[in-house]
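# Chain and residue survey
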Amino acid sequence: MSPSVPLQEMIRAIRSARTQCEERGVIQRECAAIRAQFRQADNGGRSHNLAKLLYVHMLGYPAHFGQMECVRMIASPRYSEKRVGYLGAMMLLDEKQDASLLITNSIKNDLSHSNQYVQSLALCTLACMGSAEMCRDLAPEIDRLLRASNSYIKKKAALCAVHIVRKVHELGELFAPAARTLLTEKNHGVLHGAVVLIIELCERNPETLERFRKTVPDLVQIMKGLVLSGYSPEHDVAGISDPFLQVRILRLLRILGHNNEGASDAMNDLLAQVATNTDSTKTVGNAVLYETVLTVLDIKSESGLRVLAVNILGRFLLNNDRNIRYIAMTSLQKIVGTDHNAVQRHRGTIVDCLKDQDASVKRRALELSLALVSATNVRSMMKELLIFLSSCPQELKSHAASGIFNAAER
Amino acid sequence: MIKSILIFNNHGKPRLIRFYQYFAEDMQQQIIRETFHLVSKRDDNVCNFLEGGSLIGGSDHKLIYRHYATLYFVFCVDSSESELGILDLIQVFVETLDKCFENVCELDLIFHMDKVHYILQEVVMGGMVLETNMNDIVAQVELQTRMEKSEGGLSAAPARAVSAVKNMNLPEIPRNINIGDINIKVPSLSPF
């Protein structure tokens, strides 16, 4: 008998209700039964009841009476009960509730459990809803897991560390050495987690950022391996080797190279390589190219590389895929201040996008067009913008009007 | 960071909701309704990015969504995530569901909501992308399911046996068999 059968029976009963009122009736009866079951000492189907409650919660009915049951389930020695208990905790509890304090001890014990799946449940829950006190208390344990465990646990510990650093900024110092070591791992999941952690540490603390600048050569090496390696079936997505990891590393390089000549120099070649070697016929290729362009434009790159980057954005603007056009305009927006002339070259295409059917594309085109209004083009731009104003969707009208006004004043 | 992941059908009925930032329950339902309202207005050939949801976080947040047959998969993210990357991640998640459920359909998500949560937990953790390799994710989910099943088989058995015996309707075994009234006819054997 599958563990979910009672849950499925309840779902069937709820779905057979023909009106909202009937549904409420069914759910009230079920909740009463669940409440009664929670009060009983032990019965074979504890995990089923909590699962039912979570289903009911998703539909929008109150489920707070399940909070203590979550605490009890988490403390159970059985994996099936712990699993549902932790899921319930993540969905129903947050640090403001008293019940969440009660699970701290369970999390602490489970972090050193012999079964990696129990450890992973504890890590997941801590990363979702760990309070500052919990984080302070358990940080050394997470650091230990970052250094000495298998890759499955390491990658989860890395993301857990990110959450801890967000809650308690000072603890960033604690994780920096372990994060540095993780960059030597081969497992892509761990590498990805390590890069996310390093990004968080660098964004919080300029001194940490300084120290991590030394890792630029290592990151460049890793990227080279991904971009130039032959076909690797386990990481391949449409011909690109682990695009998610590539995108993440490019973002870190962006942060490290920003406003720093030395670091930017060290990554110039790599960025040029990625920009020219990446296949742009699929979405995954475009995700990597896009991130490369953003990085090139945000660091102290050579002018040749910058021109290449803006040209790639220009190509994106002409792409049939609306997503790509939207993305291109978002990034052109970011550089319209610094590389104004380069963006001006694409003014025609941008103004055409004002006429696109898609509201998101229109919004981006409007922002960009307003930024591109200058003394030389004001007449033609105003004409286009006024045409736009007369036919644009309601939610953009006021923004467009005030934008036109401001531009005219300039 | 991913702020929330919502899956709902073409009528707005939620099939999976996961918030990585705390919201009170009525707020959660309001966010679901608002998100559905924004996403269902969109044509099928427009871009998959939406701005303008005011409830969930303001100007730094975007809704990135994909529409598959009867379901919308919506990820609400902030600017630290790559938009195209998240779009690919949604694809990875859906393909993983497809592998775990064998040609997944809406009914699978409805009746196995807990399993979908466990799969999602291997992809996104604490609002951050954890693993993007579909084979790894599927393998880990398999191992955990097996562990849960094996536990259910062994340690749940005694409890189930006890409750089974309690509920069994054993026929009453008569204690006193009175044979006094039985008329046994002894056949008269012809003398030989």
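Here is what the cut-offs are and how they apply
Residues numbered from 1 in each chain as written. Chains lettered and ligands numbered in written order. Predicted model: local features only at pLDDT ≥ 70, side-chain atom pairs only at ≥ 80, totals over all residues. Heavy atoms only, no water. UniProt positions renumbered as here; feature names shortened; annotations may be inferred. Contact = heavy atoms within 4.5 Å. Buried area = accessible area lost by both parts, 1.4 Å probe. Salt bridge = Lys/Arg side-chain N within 4 Å of Asp/Glu carboxyl O. Polar contact = N/O pair within 3.5 Å; in protein donor to acceptor, adjacent residues only side chain to side chain. Helix = DSSP H or I, 4+ residues; strand = E, 2+ residues; numbered from the N terminus. Nonpolar A, V, L, I, M, F, W, Y, C, P; charged D, E, K, R; others polar. Axes fitted to C-alpha atoms, helices over the stretch in contact; angles between N-to-C directions. Left-handed = near helix turned anticlockwise from the far one by under 90°. 1 Å grid on protein atoms, 1.4 Å probe; cavity = no way out; pocket = protein on both sides within 12 Å on 5 of 7 lines; lining within 4 Å. Points joined across faces, edges and corners; volume = space filled by probe spheres on them. Pairing = 2+ DSSP bridges. Core = buried A, V, L, I, M, F, W, Y, C linked by side-chain atoms within 4.5 Å. Buried < 20%, exposed > 50% of the residue type's maximum accessible area, 1.4 Å probe, protein only.

In the nomenclature of an unreviewed UniProt entry, chain B is known as AP complex mu/sigma subunit domain-containing protein of Champsocephalus esox.

Under an unreviewed UniProt entry, the name given to chain A is Clathrin/coatomer adaptor adaptin-like N-terminal domain-containing protein, and the source organism is Champsocephalus esox. Looking at chain A in UniProt, the text filed under Sequence similarities (unreviewed entry) is "Belongs to the adaptor complexes large subunit family." Looking at the Subcellular location (unreviewed entry) heading of the UniProt record, one finds this comment for chain A: "Endomembrane system".

Turning our eyes to something else, we now look at the interface of chain B and chain A. Taken together, the contact pairs 59 residues of chain B with 75 residues of chain A. Counting each side, the surface lost to burial between chain B and chain A is near 6,100 Å², with a carbon and sulfur contribution of 56%. Applying the counting criterion to the chain B and chain A interface returns seven salt bridges. Between Arg83(A) and Glu148(B) there is a salt bridge, and its shortest N-O distance comes to 2.4 Å. Linking chain B with chain A are 27 residue pairs in polar contact (both at pLDDT 80 or more). Among the secondary structure elements, those contributing two or more residues to the side of chain B that touches chain A are strand S2 (14-19), helix H1 (25-40), strand S3 (49-50), helix H2 (83-101), helix H3 (106-111), helix H4 (113-121), strand S7 (128-129) and helix H5 (134-154) of chain B. Residues belonging to the side of chain B that touches chain A are distributed by class as follows: 26 nonpolar, 18 polar and 15 charged.

All names here are of chain A. One can describe the packing of helix H15 (residues 243-257) onto helix H16 (residues 261-277) by two numbers: an axis separation of 9 Å at closest approach and a directional angle of 145°. Seen along the crossing, H15 lies across H16 with a hand that is left-handed. Listed contacts from H16 to Leu250, Leu253, Leu256 and Gly257 of H15 are Ala263, Ser264, Met267, Leu270 and Leu271. Among the residues forming the contact of H15 with H16, the class breakdown is seven nonpolar, two polar and no charged.

All names here are of chain A. Tracing the sequence through the fold places Thr278 in the loop between H16 and helix H17 (283-298). Side-chain polar atoms of Thr278 contact the backbone oxygen of Val274, separated by 2.5 Å. Sequence-distant contacts of Thr278, defined by excluding residues within four places in its chain, comprise Ile240, Gly285, Val288 and Leu289.

Let's shift gears to empty space enclosed by the protein. Per the stated rule, a full pass over the model turns up seven cavities of 30 Å³ or more. Here the largest cavity defines a volume of roughly 130 Å³. Going through the elements one at a time, H15 of chain A together with H2 of chain B are the ones with two or more residues in the lining of the largest cavity.

So, on to the sheet that holds strand S5 (residues 71-77) of chain B. Read across the open sheet, the five strands follow the order S2-S1-S5-S4-S3 (chain B); overall the sheet is antiparallel. Among the strands making up the open sheet, the edge pair consists of S2 and S3 of chain B.

Grouped together as the largest cluster of nonpolar side chains are 166 residues, with contacts concentrated most on Ile142(A), Phe175(A) and Ile2(B). Counting residues per element, this core draws most heavily on H2(B), at 11 residues. For Phe175(A), the residues in contact, after removing those within four places along its chain, are Ala139(A), Ile142(A), Asp143(A), Leu146(A), Ala161(A), Ile164(A), Val165(A), Leu197(A) and Leu201(A). Of all hydrophobic cores here, the second largest spans 48 residues; its members include Cys70(A), Phe8(B), Val74(B) and Ile110(B).

Two side chains that carry opposite charge are able to pair once their charged atoms sit near each other. All names here are of chain A. Considering all chains together, one arrives at 30 salt bridges over all chains under this definition. The salt bridge partner of Glu69 is Arg72, with a shortest N-O separation of 2.5 Å. Placement of the pair is Glu69 and Arg72 together in helix H4 (residues 67-74), with a separation of three residues, close to one helical turn. The exposure class of Glu69 is buried, given its relative accessible area of 3%. Its relative accessible area of 41% is what places Arg72 among the partly exposed residues.

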